[in-house]
Amino acid sequence: MGEAPLAIVLAAGLSTRMKSKTPKVLHSVAGRPLVTHILRTVRAAGARPLVVLSKESAAARELFDDGTRLAIQDVARGTGDAVRIALAAANGDHGVAFIVYGDTPLLRPETLTRMRALVRERGTDNAYGRVVRDERGDVARIVETRLATSEEKQLKESNLGAYAADLGWLRVAVERLRPNDTGEIFLTDLVAEARREGKRVAVHLTDDPEEGIGVNTRADLATAEAVIRKRIRDQHMLAGVTFRDPESCQVDSDVRIAADVVIERGTILEGKTSIGEGSRVGPYAVLRDTTVGERCKVENSTLEGATLEDDVSIGPYSHLRPGAYLERGVQMGNFGEVKNARLKAGTKMHHFSYVGDAEVGQRVNIGAGTITLNYDGVRKNRTVIGDDAFIGSDTLLRAPVTIGAGATTGAGAVVTKDVPEGMVAVGMPARAIKKADRRQKKAT
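Rules behind the numbers
- Residues numbered from 1 in each chain as written.
- Predicted model: local features only at pLDDT ≥ 70, side-chain atom pairs only at ≥ 80, totals over all residues.
- Heavy atoms only, no water.
- Helix = DSSP H or I, 4+ residues; strand = E, 2+ residues; numbered from the N terminus.
- Buried < 20%, exposed > 50% of the residue type's maximum accessible area, 1.4 Å probe, protein only.
- Contact = heavy atoms within 4.5 Å.
- Areas by Shrake-Rupley, 256 points an atom, 1.4 Å probe, with all protein chains shown as cover.
- Core = buried A, V, L, I, M, F, W, Y, C linked by side-chain atoms within 4.5 Å.
- Pairing = 2+ DSSP bridges.
- Patch = residues over 30% accessible without salt bridge, like charges linked within 9 Å, V, L, I, M, F, W, Y side chains within 5 Å.
- Salt bridge = Lys/Arg side-chain N within 4 Å of Asp/Glu carboxyl O.
- Phe/Tyr/Trp six-rings, centres within 6.5 Å; stacked < 30°, edge-to-face > 60°.
- Expected span 1.5 Å × (residues − 1).
- Polar contact = N/O pair within 3.5 Å; in protein donor to acceptor, adjacent residues only side chain to side chain.

Structural notes on the overall build of the protein
- A tally of regular secondary structure across the protein gives eight helices and 40 strands.
- Looking at the protein as a whole, 48% of its 444 residues are labelled buried.
- Look at the contacts in the protein between residues 6 or more apart in sequence, and 38% of them connect residues 24 or more apart.
- Total accessible area on the protein is roughly 21000 Å²; 49% of this is exposed by carbon and sulfur atoms.

Spelled out as structure tokens, the structure:
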């Protein structure tokens, strides 16, 4: 295939029709800014991206890695002028160039690959997406919708907004474009320029009409969101994931789901969430930047920045906040909350408790109504609970405090001092007493 093609990404547009102070290409679709979708597409087609930004959209540069070249269009003079600026920044590049828009997140890599092939197979200097044809069926011109006549607006074919052209021809042709009555230089006028030179223009007709959807308004944004989310769900289902009610679920672009996972109705998976094989999530669960191991169950709960090892059970109606780490086999029932805390293997926290800024040992039982009082008004303090401890219902643990291995707190205890291993803490404030030997008690 030769040298990887250049991909000029036009991302200098404002959010005028979106009525937004946020640059258009930074608006999110399926958990990713618009422009990152098209960057992923051009890279999947084997191209090297060069993004044209404006002063207003320059904030987007923070999204790009070192392999993405940039050019700035200081004055908004249209797409033709933006391409001219990109070509100046790509001085020395040769071969085929793609030209795509930063607000077309539904464009597929295979479309670009086919367009590049058309340039070579048919000996053309350029290939365009959907174009307007003349009465003979040949490419005549591309007309901007806002400048089209009523008859032209009824034409069945529309411009996809993706182009492939020989860089040598493109550099010469762009310099010949002239501003129209609005003062803008339109990239689409290159079709007529090619015709005047007697050049051939190849047309690729995509079989997916949704592929050419561009985002100019909030309604367009919602349309693109629905299409791309359906694509994401379909990909997961083809890979072995079950969605009980697909249309009620939302899955972001960067979410990873293993085979044999079941996603129940109304579930939302956001950010870099990953779910291990055999797990069941939902109904009505929200997972954000969360790692879920294998054979876990998360029902009607919210998990943010949390990690679950294998065989963990959560919910319903629980909340895991950033830094929550639940080891293998932990059980967390309804109306529990964990924040910046590690619950070790086999621990049970079945209902109505809060554990924050804590380390909880293995096989600990946390009774209903337990609260770690981690904040003293100035700083967050840690609670440590040893293996096999039994925390009675309505226990308050005022951090910093340590509950020793095998220790017990009585119901309603307010623990303000460390409890040694094997001891019992009772009262308010709690005092430690020796734990009775159950075997000795039975003997007497």
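Now, onward.
Let's talk about the nonpolar core
- Ranked by internal contacts, the top residues of the largest apolar core, which has 58 residues, are Leu 308 and Leu 320.
- Secondary structure elements with two or more residues in this core: helix H7 (218–238), strand S28 (337–343), strand S30 (354–360) and strand S36 (401–403).
- Apart from residues no more than four positions distant in its own chain, Leu 320 is found in contact with Thr 302, Leu 303, Glu 304, Ala 306, Leu 308, Ile 314, Leu 326, Met 332 and Val 338.
- In terms of nonpolar packing, the next biggest core, distinct from the first, is built from 28 residues, Val 83, Ala 97, Ala 173 and Leu 190 among them.

A closer look at the pairing of strand S27 (residues 331–334)
- Where strand S24 (residues 313–314) lies against S27, two bridges are found, and the strand directions are parallel. Residue pairing in the sheet places Ile 314 in a bridge with Met 332 of S27.
- Looking at chain direction, S27 and strand S29 (residues 348–351) are connected through three bridges and run parallel. Paired with Met 332 across the bridge in S29 is Met 349.

Considerations on the pairing of strand S1 (residues 6–10)
- S1 sits mainly inside the fold: five of its five residues count as buried.
- Neither face of S1 is exposed, since Leu 6, Ile 8 and Leu 10 on one face and Ala 7 and Val 9 on the opposite face are all buried.
- Of the pairings in the sheet, the one linking S1 to strand S6 (residues 96–101) comprises five bridges and is parallel in character. Pairing of Leu 10 across the sheet is with Tyr 101, part of S6.
- Note that S1 and strand S4 (residues 48–54) share five bridges and pair parallel. Across the sheet, the residue bridging to Ala 7 is Pro 49, located in S4.

What to know about a nonpolar patch on the surface
- Side chains of Tyr 317, Phe 335 and Phe 352 sit close together on the surface and give an oily, nonpolar patch of about 340 Å² of accessible area.
- Looking at the element boundaries, Phe 335 is found in the loop between S27 and S28.
- Under the relative-accessibility criterion, Phe 335 is labelled partly exposed at 45%.

Considerations on the packing of aromatic side chains
- Following the criterion strictly, the structure yields three aromatic pairs and no others.
- Ring geometry for Tyr 101 against Tyr 163: centres 6.2 Å apart, planes inclined by 75 degrees, an arrangement best described as edge-to-face. One end of the pair, Tyr 101, is in strand S6; the other, Tyr 163, is in strand S10 (residues 162–166), with 62 residues separating them in the sequence.
- Of the residues examined, Tyr 163 reaches a relative accessible area of 2% and is grouped as buried.
- With a centroid separation of 5.3 Å and 20 degrees between ring planes, the pair formed by Tyr 317 and Phe 335 is classed as stacked. Here Phe 335 lies in the loop between S27 and S28 and Tyr 317 lies in the loop between S24 and strand S25 (319–320), a separation of 18 residues in the sequence.
- Look at Tyr 317 and you get partly exposed, because its relative accessible area is 45%.

Looking at the sheet that holds strand S21 (residues 297–298)
- If you trace the twelve strands from one edge of the open sheet to the other, you get S12-S15-S18-S21-S24-S27-S29-S31-S34-S37-S39-S40, paired in mixed fashion. Because the sheet does not close on itself, it has two edges, and the strands there are strand S12 (242–243) and strand S40 (430–434).

Some details on H7
- Between its first and last C-alpha, H7 extends 30 Å over 21 residues, near the 30 Å set by a 1.5 Å rise per residue.
- Listed in full, the buried residues belonging to H7 are Leu 221, Ala 224, Glu 225, Val 227, Ile 228, Arg 229, Ile 232, Arg 233 and His 236.
- Elements that come into contact with the buried residues of H7 comprise strand S2 (28–29), helix H1 (34–44), S12, strand S13 (250–251) and strand S14 (256–257).
- Two residues or fewer past H7, Gly 240 is found with a positive phi of approximately 105 degrees.

Focus on the environment of Thr 290
- Secondary-structure assignment places Thr 290 in the loop between strand S19 (286–288) and strand S20 (291–292).
- Taking relative accessible area as the criterion, Thr 290 reaches 0% and is therefore assigned buried.
- Here the alpha-carbon distance between Thr 290 and Gly 323, two residues 33 residues apart in the chain, equals 9.9 Å.
- If we skip the residues at most four places from it in the chain, Thr 290 touches Lys 272, Thr 273, Ser 274, Leu 303, Glu 304, Gly 305 and Ala 306.
- A distance of 3.3 Å separates the side chain of Thr 290 from the backbone oxygen of Leu 303, its partner in a polar contact.

Examining the environment of Arg 342
- Mapped onto the elements of the fold, Arg 342 is located in strand S28.
- Between the C-alpha atom of Arg 342 and that of Ala 358, which follows or precedes it by 16 residues, the distance is 6.5 Å.
- When sequence neighbours within four positions are dropped, the list of residues in contact with Arg 342 reads Glu 309, Tyr 325, Glu 327, Ala 358, Glu 359 and Val 360.

Some thoughts on the pattern of salt bridges
- Scanning the entire structure with this criterion turns up 35 salt bridges.
- Note that Arg 77 and Asp 81 form a salt bridge whose closest N and O atoms lie 3.4 Å from each other.
- Here Arg 379 and Asp 376 are joined by a salt bridge, their closest N and O atoms 3.8 Å apart.
- By relative accessible area, which is 44% here, Asp 376 ends up partly exposed.
- Salt bridges sharing common partners tie together Glu 294, Arg 295, Asp 310, Asp 311 and Arg 328.

A look at helix H2 (residues 79–89)
- Taken together, the buried positions of H2 are Gly 80, Asp 81, Ala 82, Val 83, Ile 85, Ala 86 and Leu 87.
- Where H2 is buried, its residues touch S1, S4, strand S5 (69–73), S6 and helix H5 (167–176).

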